[in-house]
Amino acid sequence: MHTISFHVNGEPQTVRVAATMTLLELLRDRLHLTGTKEGCGIGECGACTVLLNGAPVTACLILAVEADESTIETIEGETRNGQLSALQQAFIDAGAVQCGFCTPGMIMSARGLLRRNPEPTDEEIIEAIAGNLCRCTGYEAIIDAIRLAAAANRAREDDSLLDAAPPRDDEGAADG
Amino acid sequence: MTKGQPMADLKFVGKGISREDGVDKVSGSARYTHDLVVPGMLHTAVIRSPHASARIVSIETDAAEALPGVRVVLTGEGLCYRLGLYMQDKCILAREVVRYQGEAVVAVAADTLDIARAACQLIEIEYALNEAILDPRDAMQDGAHLVHPDLDSYDHMVGVFFPKAGTNVAHHQKIRKGDFDDAFESADVKLSASFYNPPVQHVPMETHATIAQALPGDRIELWTSSQSPYTVRHLMSVAFGMPHASIRVHVPYVGGGFGGKAGLGLEPLAYVLSRSAGGQPVKVVATREEEFNTLPSRQGLHSTIEIGCSKAGEIEALKSTYVWDAGAYADYGVNIGRAAAYSGGGPYSIDNCWIDSYVVYTNKIFGTAYRGFGHLEILWGIERAIDMMARKLKMDPVEFRRLNLLKEGDTTITGETFTSGHGSPVGCLDAAADALDWETPSAAPSEPGKVRGKGIAMLHKAPAMPTYTSCAAVIKLDEDGGCDILVSGVDYGQGTYTVLRQIAAEELKIPIERAHVTWECDTAFSPYDWQTVASRFAYMGGNAVIEAAADCLRQIREVAAHALDVEPDDIDCEDASAFVRGKPETKIPYGKLALGYTFPNGNSIGGPVIGHGRFIATGLTHLDPETGQGLPAQYWTYGAHAVEVEVDTETGEIEIVKIATALDAGKVLNPKLVAGQVVGGVIQGLGSALWEGFRFDETGRFLNPSFVDYKIPTAKDLPRETERIFLENPQPGGPYGARGVAEHPMISVPSAIGNALFDALGIEFTTLPLSYENILLRILETHAEKE
């Protein structure tokens, strides 16, 4: 067993884990953060995408011990004080959600993209979610949602268009 | 007559309301069966057969049972249950023989998944190989190895399905109309062509998952990722001989289904494990590999289409022979074979029609419902053959279709009269063709070495369901004048709950924000629905909600009339209030009526307002066993796809330049949600067209049960442009005139692409998928033939 310490969605955590435990098992089974989904368990579908030190990873392919001293962001961290992020709202508005099982991973891939590239082209959006499988939507609305969220972020930077939601402290932060 | 409020007054129906479940799903708070933990829950691993056909000689489980943490090891021996909806041909675990590679043979429930998996490694199974029969055409031959020697002893829906004892034919559906032989003989132009569709997987992103608990007193509680709470309950009741009320089924959020989660899945296995574990709850979750090769798929199909036409281009005779590769079990497959027959001539007027649809057992993964229910498969053949015939006649494919499509006064191949209430197949054809500028030749390809082509294909489908299919809705009015809507159809992504909410708000005259569908079906509380399949939930559930709302309003009027000292007929309702007609100042808010009305002196009348609505299919008949004549369809939905492709002749790569889809929806209930459903369906159809298909080796081993070897469309595979066109010719009896469109966007996508490929390359494709590899091989073959 190994003792590891890390931050999940800003909260410090210290846990003892077996060497074989994956980050996905740690998040879902130990920390009960079940928003992160398992679609295949072998890194092929992207449903378990989370941000590890700001970069999107498939949590089923990362060992929990690799997360020692790291910063992890999951879908549960997207919502702040009960308020959806602009990205989450854009998924609803654009009709980018159907069964919803790929949605958390899709949003985390998009978050990773917008973090490193706040104004992505459609090609860059497609590249960023190419590893996230969705069987329901046909992806078009998901691409629309990410484009919409990028526009909302730009609008937020423009004071005249500030919406009611408080600015997220991580928007645009280059910590990845 | 359509059902519901007059069109002109609609506030919510027909509007692009966002889905109510969006917040739960984008925030990660939507709980799926995958996410659930019941205290004390055990975890399961399954050993699957490595052989397509073998006798189980022995199973040695002692070492596994001795492993600490192992609670139960079960084999098929002793599990003498037959399962099935239409045909009871399947056991919980293989008994005596295995019939496909991937079939579950042993299940272990243990304290952790790791222990269960380790225990599986300690189990020794000895098999004696049997002959494996892999091609359904071989399986139909006299003397073929029988996959089910006891077929004649299986219970099935009598009078609807006709298994042939002593053969591998689980069902043979016939359609006989007019005199095919004579008409074909005398036709001016004739065509015969054969086609093939491989089996494919649904690929819900949430694999099948179930938690079962055997409770004291012979009761069962289930949490399951299912499309069918009440059908699960019913089939469990039949299988285990328990009263329905002893079985409670919860269906939380479901991560996609597409037909694969209809009927029974892992529920019986989870239950018998829990029962053997002394009532500890047991969770069974399919791995992605098991989702591919243990759980059912879409059946493969071999089809032959013969068409005879007059010189003028009228179809005079059509014969289809469908040989379905049911795989090892045909519970659902038999009904697909039936639906394929009564739809089996395409959406055309055919006076002389002969169809044989055979559902044939083989030693492969078994089939079940998959979006389109046989129609993508049969229309791959029909719509390709229609194009081939148009060429023989030297007619434009659109013109040839327009001439032969069903029109008012025609009869379908089962004898149903086509009316304006069916919608407009011709309208769909023209709309799709126009969207692609059909008359204008393709623009020049983007690069040298590439060619372009256009193709079009029709689609049609009706709900394939028992003649007595029914459902109900309950609406409870809340103290604040809002409402909760209870149904047992499952919204596993289609958006139907949002549509039902729109309907309830519309009919009750309350703000949309105040109407809620209760998420999580529970057979203990939610009223009956057969199951969520066949593109019928918005139609049937919508009608039930309209009726439930009317029941609420009747109760509201009664109490308000008493309170205001008038007759109920004098009460109007608007803005969540009841008032005397013409006297809005008398209004009483619903909130003061929802639980009963209290007079100023304290006297009270009425009581909680709870509305009940129901719907049952009407007028449907069983099909005549010899001729197939009868009324199988509550309604039909017609549509068309027009597609332009660009093909790289050096590599076989194909790109979809544009695909336009026209559907006669009757009435669009929610444009935002239906647009998403159509795009999603088209892209799923693109998967069937270009990439997807199971591969087996010569021993029946399934070669591509993973996302690495079985590609589904990704964000990189999208067409350059998609377009959707909705016709709104109202459906009589439909809610606001709506008919189902859920499965339809997927159907005929491969056909349209196949037709476009001929236009681009001059090559007839008859086998799916139209992968780059297969396209290139055909290009090279054609070049070789020319040289």
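Residues numbered from 1 in each chain as written. Chains lettered and ligands numbered in written order. Predicted model: local features only at pLDDT ≥ 70, side-chain atom pairs only at ≥ 80, totals over all residues.

## Some thoughts on the overall build of chain B
Along its length, chain B carries 17 helices and 29 strands. Its C-alpha atoms give chain B a radius of gyration of 27 Å, near enough to 28 Å, the size a compact globule of 787 residues would have. Considered along the principal axes of its C-alpha atoms, chain B spans approximately 100 × 75 × 55 Å. Taking all 787 residues of chain B together, the buried fraction comes to 60%. Counted over contacts in chain B with a minimum sequence separation of 6, partners at least 24 positions apart contribute 80%. (Helix = DSSP H or I, 4+ residues; strand = E, 2+ residues; numbered from the N terminus. Rg over C-alpha atoms; globule rule 2.2 N^0.38 Å. Buried ≥ 20, exposed ≤ 12 C-beta atoms within 10 Å, placed from the backbone. Contact = placed C-beta atoms within 7 Å.)

## Some words on the packing of helix α3 (residues 103-116) of chain A against helix α5 (residues 140-157) of chain A
Helix-helix packing: each pair is described by the crossing angle between the helix axes and the interaxial distance. Residue and element names in this part refer to chain A. At a minimum axis distance of 11 Å, the contact between α3 and α5 shows a crossing angle of 40°. Between α3 and α5, the interaxial angle falls into the category oblique. When the axes of α3 and α5 are compared, the crossing they make is right-handed. In this structure, α3 uses M106, A110 and L114 to contact α5, whose residues at the interface are I142, I146, A149, A150 and N153. Considered class by class, the residues forming the contact of α3 with α5 number seven nonpolar, one polar and no charged. (Axes fitted to C-alpha atoms, helices over the stretch in contact; angles between N-to-C directions. Parallel < 35°, antiparallel > 145°, perpendicular 65-115°, else oblique. Left-handed = near helix turned anticlockwise from the far one by under 90°. Nonpolar A, V, L, I, M, F, W, Y, C, P; charged D, E, K, R; others polar.)

## Observations regarding the interface of chain A and chain B
The interface of chain A with chain B comprises 41 residues on the first partner and 44 residues on the second. Listing elements by their share of the side of chain A that touches chain B, those giving two or more residues are α2 (86-93), α3, α4 (122-129) and α5 of chain A. The biggest single contributor to the side of chain A that touches chain B is α2 of chain A, with four residues. Each residue belonging to the side of chain A that touches chain B can be placed in one class, and the counts come to 21 nonpolar, twelve polar and eight charged.

## Details of the sheet that holds strand β12 (residues 282-285) of chain B
Residue and element names in this part refer to chain B. What the eight strands build is an open sheet, ordered β3-β5-β1-β12-β9-β10-β11-β20; its pairing is mixed. Among the strands making up the open sheet, the edge pair consists of β3 (70-75) and β20 (521-522). In terms of strand pairing, strand β1 (residues 42-48) meets β12 through two bridges, oriented parallel. Bridge pairing links H43 to K283 in β12. Running at roughly 25° to β1, helix α3 (residues 113-121) makes contact with β1, β3 and β5 (104-110) of the sheet. Sitting on the sheet, helix α7 (residues 267-276) touches β1, β3, β5, β9 (209-215), β10 (219-224) and β12, and the angle it makes with β9 is about 40°. (Pairing = 2+ DSSP bridges.)

## Notes on the sheet that holds strand β4 (residues 55-58) of chain A
Pairing between the strands of a sheet is mediated by backbone hydrogen bonds and can be parallel or antiparallel. All names here are of chain A. Read across the open sheet, the five strands follow the order β2-β1-β5-β3-β4; overall the sheet is mixed. Looking at which strands have only one partner, the edges of the open sheet turn out to be β2 (11-17) and β4. Strand-to-strand twist across the sheet, computed as the mean angle between neighbouring axes with direction ignored, equals 40°. Its contacts with the sheet put α3 on β3 (49-52) and β4, and the angle it makes with β3 is roughly 35°.

## A short note on the domain arrangement of chain A
All names here are of chain A. Domain annotation for chain A reports domain 1 (2-77) and domain 2 (86-161). Distance between the C-alpha centres of domain 1 and domain 2: 22 Å. Taken together, the contacts link 15 residues of domain 1 with 13 residues of domain 2. If you list the elements that add at least two residues to the side of domain 1 that touches domain 2, you get β3 and β4. Here the side of domain 1 that touches domain 2 takes three residues from β3, the largest share from any one element. Among the residues forming the side of domain 1 that touches domain 2, the class breakdown is eight nonpolar, six polar and one charged. (Domains from an automatic or database assignment.)

## Points about the packing of helix α15 (residues 671-690) of chain B against helix α16 (residues 749-761) of chain B
Residues and elements named next belong to chain B. It is the contact of α15 with α16, at a shortest axis distance of 8 Å, that shows an interaxial angle of 60°. As summarised for this structure, α15 and α16 are arranged oblique, according to the angle between their axes. The two elements α15 and α16 meet at a crossing, and its hand is right-handed. Listed contacts from α16 to V682, G685, L686, S688 and A689 of α15 are V749, P750 and I753. In terms of residue class, the contact of α15 with α16 is made up of six nonpolar, two polar and no charged.

## What about the nonpolar core?
All names here are of chain B. Within the largest apolar cluster, 312 residues are counted, with the highest numbers of intra-cluster contacts made by V108, A432 and A504. Of the residues forming this core, the biggest block, 14 residues, is contributed by helix α14 (residues 537-564). Beyond its immediate sequence surroundings of up to four residues, V108 is in contact with T44, A45, A64, V70, V73, A116, A119 and C120. (Core = buried A, V, L, I, M, F, W, Y, C linked by C-beta atoms within 7 Å.)

## Some points on the environment of M205 of chain B
With respect to the helices and strands, the residue M205 of chain B is situated in the loop between β8 (189-197) and β9. Judged by C-beta crowding, with 28 C-beta atoms within 10 Å, M205 of chain B ranks as buried. Once you skip the residues sitting within four places of it in the chain, M205 of chain B turns out to touch G39, C45, A47, C99, F101, C102, L133 and R135 of chain A together with G255 and G256 of chain B.

## Here we look at the environment of L295 of chain B
All names here are of chain B. Within the fold, L295 resides in the loop between α8 (288-293) and β13 (300-309). The exposure class of L295 is buried, given the 22 C-beta atoms found within 10 Å. Taking the C-alpha atoms as reference, L295 lies 7.7 Å from F366; in sequence the two are 71 residues apart.

## Describing the domain arrangement of chain B
Residues and elements named next belong to chain B. Partitioning chain B into structural domains gives domain 1 (7-30 + 469-616), domain 2 (33-132 + 208-285) and domain 3 (300-408 + 421-465 + 621-786). Centre-to-centre, using C-alpha coordinates, domain 1 lies 39 Å away from domain 2. Contact with domain 1, which involves 16 residues of that partner, is made by 17 residues of domain 2. Class assignment of the residues belonging to the side of domain 1 that touches domain 2 gives a composition of eight nonpolar, five polar and three charged.

## Observations concerning the environment of R55 of chain B
Residue and element names in this part refer to chain B. Within the secondary structure, R55 is located in strand β2 (residues 54-60). A count of 13 C-beta atoms within 10 Å places R55 in the partly exposed class. Not counting residues within four places of it along the chain, the set of residues in contact with R55 comprises E96, V97, Y127, A128 and N130.

## As for α2 of chain A
Within α2 of chain A, seven of the eight residues are buried, which leaves the element mostly enclosed by the surrounding structure. Along α2 of chain A, the residues that are buried comprise A86, L87, Q88, Q89, A90, F91 and I92 of chain A. Packing partners of the buried residues in α2 of chain A comprise α3 and α5 of chain A together with α1 (22-27) of chain B. Within two residues after α2 of chain A, G95 of chain A carries a phi angle of roughly 70°, on the positive side.

## Notes on the pairing of strand β27 (residues 637-648) of chain B
Residues and elements named next belong to chain B. When you tally the buried positions in β27, you get eleven out of twelve residues, the bulk of the element. Of the strand pairs in this sheet, β27 and strand β28 (residues 654-664) are connected by nine bridges, and their pairing is antiparallel. By the bridge assignment, H641 is partnered in β28 with T661. Linking β27 back to β28 in an antiparallel pair, the connection comprises five residues, with G652 at a positive phi of about 80°.

## Re helix α12 (residues 425-435) of chain B
All names here are of chain B. Residues of α12 that are buried: P425, C428, L429, A431, A432, A433 and A435. Buried-residue contacts for α12 involve α11 (397-404), β16 (450-461), β27, β28 and β29 (722-727). A positive phi of about 50° marks D437, the residue just after α12.

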